[in-house]
Amino acid sequence: MTTTSVGQRSRTRRITFLVALAVFAQESTWNFYESQVPPLLREHISSAAVVGLLMGMDNLLGIFIQPWIGNRSDRTRTSWGRRMPYLVVGMPIAAALFLTIPHTSASLPLLIATMFTYALVANTFKPIAEALVPDFIAPERRSRANAAVKIASSLTAIVAAALSIFLVDNHLSIAFAIPAVIMLLSIGVLAATVRDSRSPAYRAAVAEGLEIQHAERKEPRVRDTFFEILRDTDRSRLLLLVAIFLFGSAWAASRSLMTPYGTEALDMSRGAAGGLTLPSGIAFIVAAYPAAVLAERYGRLRVMAIGMSVFAAAMVLGTIVPTPAGAAVALCIAAAGATCFLVNAVVVLWNLAPSARVFGTYAGMYTVGWAGGGFLGPALVGAMVDVTGWPLMLLDVAVVAALSIVVVVRISALQRRTALTLAK
């Protein structure tokens, strides 16, 4: 092994760790938000559909904000890079707003206003950190790097579950303060260590931008990129966005509605129900890296479809065994299956991007699909729960997941057909 290759691997590991830290900083608040804000809303609102709709508000904002901010970061040029300025400004503000949420819970209008403001700020940097992965890391290594990022995200789910178990019932304000402090500490490390102006993709984008200026052409806007995907005769990218939306709906519903599911269907306390996801966070960590390795060996779309099927089957299992232990086991199996999608879907989208200039835009479009599902998924499943009852909530999630599986299978068929055509 040459000294150059050793140095490249060392730099890849370093930036993977730092990107994972950036995502950890964000998800440390988002996971706890998804777990413990629904009970605050339930103190004022009885309808599961309305609670799900309000919990999806942040995702609705993301649909409009995230692709724009991703494209904006693609076109930003500073000595610090094109991603870091947004992270350094946005994260501390979001942490301060998150800290105030439990202090506004006595008033429903004030609580909703705080939720809206927090979601507005947090969405301005949510896709930025993940865009650092294709900025720094070559296509063939992105699944493994993204696996590390998802492991970091899963660690925050464990933190959120632990806070729910040990602090929520007696010290709610302290429980909210801890994720906010984690975010502030993490962004401090990032600010001191990361300069994405040194990334290969940033340099390539600058060089390509100079060529565009000489040719008197404009940088692509969000709508230009979206219309290019719509007009493409190869429907793979468009269908992938649909699959992201559908599976995002199933995943968001399984997380946002899990605490009320535990209290309503399994007769658990709020704190104990909030801890149902703790074992599944460990399962996610264990499965993430193998999901990346298997995808590189057998194909990302195939592994995604298998993992999604495991997720849906686990939801059925949880319905058949309606106990806290049964729910915990089902969530563990579901999380292991979901890693196959969560680790690889955005990598497939990045690798379909035509240029390094649009990595941020594609990251934004991925989060739009995921955010769209996050907005409608809890509301849709919540409406199904209003009809079928809380005991069948996991089965309702499985139905939505099954639709996403159909779309991914279709993408695989299109890719095989394209490969055969090129071979001829």
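Basis of the calculations
Residues numbered from 1 in each chain as written. Predicted model: local features only at pLDDT ≥ 70, side-chain atom pairs only at ≥ 80, totals over all residues. Heavy atoms only, no water. UniProt positions renumbered as here; feature names shortened; annotations may be inferred. Core = buried A, V, L, I, M, F, W, Y, C linked by side-chain atoms within 4.5 Å. Buried < 20%, exposed > 50% of the residue type's maximum accessible area, 1.4 Å probe, protein only. Helix = DSSP H or I, 4+ residues; strand = E, 2+ residues; numbered from the N terminus. Domains from an automatic or database assignment. Contact = heavy atoms within 4.5 Å. 1 Å grid on protein atoms, 1.4 Å probe; cavity = no way out; pocket = protein on both sides within 12 Å on 5 of 7 lines; lining within 4 Å. Points joined across faces, edges and corners; volume = space filled by probe spheres on them. Nonpolar A, V, L, I, M, F, W, Y, C, P; charged D, E, K, R; others polar. Patch = residues over 30% accessible without salt bridge, like charges linked within 9 Å, V, L, I, M, F, W, Y side chains within 5 Å. Areas by Shrake-Rupley, 256 points an atom, 1.4 Å probe, with all protein chains shown as cover. Salt bridge = Lys/Arg side-chain N within 4 Å of Asp/Glu carboxyl O. Buried area = accessible area lost by both parts, 1.4 Å probe. Polar contact = N/O pair within 3.5 Å; in protein donor to acceptor, adjacent residues only side chain to side chain. Disulfide = S-S within 2.5 Å. Expected span 1.5 Å × (residues − 1). Bend = angle between axes of the 7 residues up to and from the residue.

The name an unreviewed UniProt entry gives the protein chain is MFS transporter, with Streptomyces swartbergensis as the organism. The UniProt entry for the protein chain carries the following comment under Subcellular location (unreviewed entry): "Cell membrane".

A. Just the nonpolar core, in detail. If you look at the biggest cluster of nonpolar residues, it comprises 122 residues, and the most contacted ones within it are Tyr-33, Leu-87, Met-304, Phe-311, Phe-341 and Met-393. Broken down by element, this core gets its largest block of residues, 14 residues, from helix H16 (residues 324-351). Residue contributions to this core reach at least three from each of two domains, namely domain 1 (10-203) and domain 2 (220-414). Every residue in contact with Met-304, bar those within four places of it in the chain, is listed here: Leu-240, Cys-340, Phe-341, Asn-344, Ala-345, Val-348 and Val-408.

B. Geometry of empty space enclosed by the protein. Under the defined criterion, the tally for this structure stands at three cavities of 30 Å³ or more. Of the voids in this model, the largest cavity is the one considered here, and its volume is about 640 Å³. Around the largest cavity, the lining comprises 31 residues; the ones closest to its centre are Glu-27, Lys-126, Ser-153, Trp-251 and Trp-370. Mapped onto the lining of the largest cavity, the elements with two or more residues apiece are helix H1 (3-42), helix H3 (57-74), helix H6 (126-136), helix H7 (142-168), helix H11 (236-256), helix H14 (278-298), H16 and helix H17 (359-388). Considering only residue class, the lining of the largest cavity consists of twelve nonpolar, twelve polar and seven charged. Both domains that furnish three or more residues to the lining of the largest cavity are identified here as domain 1 (10-203) and domain 2 (220-414).

C. Here's a closer look at a nonpolar patch on the surface. A cluster of nonpolar side chains, Ile-306, Val-310, Val-316, Leu-317, Ile-320, Val-321, Val-329, Ile-333, Leu-392 and Leu-395, forms an exposed patch at the surface whose accessible area comes to about 740 Å². Within the residue set of the nonpolar patch, elements represented by two or more residues are helix H15 (300-320) and H16. Sorting elements by how many residues they give to the nonpolar patch places H15 first, with five residues. Mapped onto the elements of the fold, Leu-392 is located in the loop between H17 and helix H18 (393-423). A relative accessible area of 33% means that Leu-392 is categorised as partly exposed.

D. Examining the environment of Ala-180 more closely. Along the chain, Ala-180 falls in helix H8 (residues 172-193). A residue is classified by how much of its surface remains accessible, and Ala-180, at 4% relative accessible area, is buried. Spatially, the C-alpha atoms of Ala-180 and Ile-93 are 10.0 Å apart, while their sequence positions differ by 87 residues. Those residues in contact with Ala-180, other than ones at most four positions away along the chain, are Thr-29, Ala-95, Phe-98 and Leu-99.

E. Structural detail: the domain arrangement of the protein chain. For the protein chain, the assigned domains read domain 1 (10-203) and domain 2 (220-414). Once you take the C-alpha centre of each, domain 1 and domain 2 turn out to be 18 Å apart. For the domain 1 and domain 2 pair, buried surface summed over both sides reaches about 4400 Å², with 62% attributable to carbon and sulfur atoms. For the domain 1 face of the interface with domain 2, the top three residues by lost area are Ser-143, Arg-144 and Lys-150, together amounting to 12%. For the pair domain 1 and domain 2, the interface holds two salt bridges. At the surface where domain 1 touches domain 2, the tally comes to nine residue pairs in polar contact (both at pLDDT 80 or more). Among the elements of the structure, H1, helix H2 (48-55), H3, H6 and H7 are those that each provide at least two residues to the side of domain 1 that touches domain 2. It is H7 that contributes the most residues to the side of domain 1 that touches domain 2, 15 residues altogether. Across the side of domain 1 that touches domain 2, the residue classes tally to 26 nonpolar, 15 polar and 15 charged.

F. Main features of the pattern of salt bridges. With the rule as written, the count across this model stands at seven salt bridges. For the salt bridge of Arg-42 with Glu-264, the shortest nitrogen-to-oxygen distance reads 2.5 Å. With Arg-42 in helix H1 and Glu-264 in helix H12 (residues 258-265), this residue pair connects regions lying 222 residues apart in the sequence. Under the relative-accessibility criterion, Arg-42 is labelled partly exposed at 26%. A salt bridge links Asp-74 to Arg-82; its shortest N-O distance comes to 3.7 Å. Taken together, the shared-partner salt bridges in this structure form one network comprising Asp-74, Arg-82, Arg-83 and Asp-135.

G. Fine view of the state of the cysteines. If you walk through the whole model with that rule in mind, you get zero disulfides. Summary of cysteine pairing: Cys-332 is not part of a disulfide, and the nearest cysteine sulfur, belonging to Cys-340, is at 15 Å. The class of Cys-340 is buried, set by a relative accessible area of 13%.

H. Geometry of H3. Counted at 1.5 Å a residue, the expected span for H3 with its 18 residues is 26 Å, and the 26 Å between its end C-alpha atoms agrees. Roughly 40 degrees is the biggest bend found in H3, and it falls at Ile-63, with proline Pro-67 one to four residues downstream. Burial runs high along H3: 13 of the 18 residues are buried.

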